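Read off the chains here:
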Amino acid sequence: MVKKFLFRNQSQISVRYRYDLQLWTFLFDNFNFPTSNYLAANLKRKGICNLTYGTDGETPLETGFEKVFPIHGTSSSDTNIHLRCFDHVKTNILKKLTELKHDGRRIIGLVDCTSEEQFDKELKVTEGQWPEAFTKWLHSSEGRLRPLSESMKKCMLRPVRVAAGLGNPPNKWQNQRTEAYNNVIKEEISRQKTDQVTIHDLIEKRVVQPHLDELVKAIYQMGEYRLSADYNHLEVDPLHRRRDEAITRKLSIGLVECQLSLQFPSYELKDIWRRAEIILSHYKIIELANTNFCVTEFDTSYTVKTKKEKISCDKTCKSFRDSGGLCPHVLVVAEKIGKLRSFITTYKKASNK
């Protein structure tokens, strides 16, 4: 599936985005209703008024989220969207058919219908070919938020998936990525029982913030993702310029004053300084979450992390690797946060060890 971000224009002065919510069961046996409702209510309190979210059919999870973010069937741009995992539904159906010792063959699915009316019509025709016990099971709400037939109509139909951003024709929604995140978090806590606050912090650090960082990069046409075609008007021009563009902003500390000539060949140091001043003059230094920054340079972006006096660029930056910690990107971030002098001092001390 083509990776994309979906945005929603909530008003003339604010822009929010639809986010494919990832949910984890972690080390809990089940997500109970109070926990699920608490998570959903927190999202609401954070200002998320409309949500696209996916579940695997856990009744407490579905109930908790739909109480806060109710769905109305075939979704439009101003409603919540609840997606059901195709793999889990398929597994449940096959298990029931095996239990009933009924063989069959796959035909064009009911979920490929283009409207709820067509779904109801096709279902009525198709269920005549099924064992009566299977039809009864499909329409039963025992142990479920609603009958599976209703969930298929409200959470899996073609127009629902199109509205959720799964393409047109739409892909199936599956939660393998959720399970992968689940495993990452379990590894972080060594598969031991832990408190909810720790889980929240890990989700924030390992999942939510990286997603938000990529979101900001996408707006500036940087990083792995791009805005979908319907939302290209939200893109910000990264201001690509020629390498020989005039420098209009300089670093607050000059080459001579920095006294780094003992650590560097002069030509390399001059190149790093010149590139930093070109970035300051013509490119973007975008503040991300957790004191991180995205620095654009020509058609590439770099993530720069700051922690106390330490400022580091990502591993894709050759200058940062070769110099042992100095590159144009860390210089411009140090300049932006007012720590250029202290950063250079720290770098020199580390280089002299």
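Here the structure is shown first, and the text comes after it.
These remarks concern the structure in this document. These numbers come from a predicted model, not from an experiment. (Residues numbered from 1 in each chain as written. Predicted model: local features only at pLDDT ≥ 70, side-chain atom pairs only at ≥ 80, totals over all residues. Heavy atoms only, no water.)

**Brief notes about the sheet that holds strand S8 (residues 300–307)**
Link 1 in the chain: Taken together, the four strands give an open sheet; going across it, the order is S6-S7-S8-S9, and neighbouring strands pair in antiparallel fashion. Each edge of the sheet is formed by a strand with only one pairing partner; in this case those strands are strand S6 (285–287) and strand S9 (310–313). With strand direction ignored, the average angle separating the axes of adjacent strands in the sheet is 25°.
Link 2 in the chain: Together, S6 and strand S7 (292–297) form the strand contacts of helix H11 (residues 266–282), whose direction differs from that of S7 by roughly 100°. (Pairing = 2+ DSSP bridges. Helix = DSSP H or I, 4+ residues; strand = E, 2+ residues; numbered from the N terminus. Axes fitted to C-alpha atoms, helices over the stretch in contact; angles between N-to-C directions. Contact = heavy atoms within 4.5 Å.)

**Let's talk about H11**
Link 1 in the chain: Across its 17 residues, H11 extends 24 Å between first and last C-alpha, which sits within 8% of the 24 Å expected from 1.5 Å per residue.
Link 2 in the chain: Buried within H11 we find Leu269, Ile272, Trp273, Arg275, Ala276, Glu277, Ile278, Ile279, Leu280, Ser281 and His282.
Link 3 in the chain: Buried residues along H11 sit in contact with helix H10 (255–258), S6, S7, helix H12 (318–323), helix H13 (328–336) and helix H14 (340–352). (Expected span 1.5 Å × (residues − 1). Buried < 20%, exposed > 50% of the residue type's maximum accessible area, 1.4 Å probe, protein only.)

**Considering the packing of aromatic side chains**
Link 1 in the chain: Under the defined criterion, the tally for this structure stands at four aromatic pairs.
Link 2 in the chain: Relative to phenylalanine 69, the ring of tyrosine 53 has its centre 6.5 Å away and its plane inclined at 55°; by these criteria the two rings are tilted. One end of the pair, tyrosine 53, is in strand S4 (residues 52–55); the other, phenylalanine 69, is in the loop between helix H2 (59–68) and strand S5 (81–84), and 16 residues separate them in sequence.
Link 3 in the chain: Its relative accessible area of 0% is what places tyrosine 53 among the buried residues.
Link 4 in the chain: Ring geometry for phenylalanine 134 and tryptophan 137: centres 5.4 Å apart, planes at 35°, overall tilted. Placement of the pair is phenylalanine 134 and tryptophan 137 together in helix H5 (residues 132–138), with a separation of three residues, close to one helical turn.
Link 5 in the chain: Judged by relative accessible area, which is 4%, phenylalanine 134 ranks as buried.
Link 6 in the chain: On the basis of relative accessible area, tryptophan 137 is assigned to the buried category, the value being 19%.
Link 7 in the chain: Three or more aromatic residues joined by ring pairs make a cluster, and in this case those are Tyr53, Phe65 and Phe69.
Link 8 in the chain: We note arginine 144 situated over the ring of tryptophan 137; from NZ or CZ to the ring centre the distance is 4.7 Å. (Phe/Tyr/Trp six-rings, centres within 6.5 Å; stacked < 30°, edge-to-face > 60°. Lys NZ or Arg CZ within 6 Å of the ring centre and 35° of its normal.)

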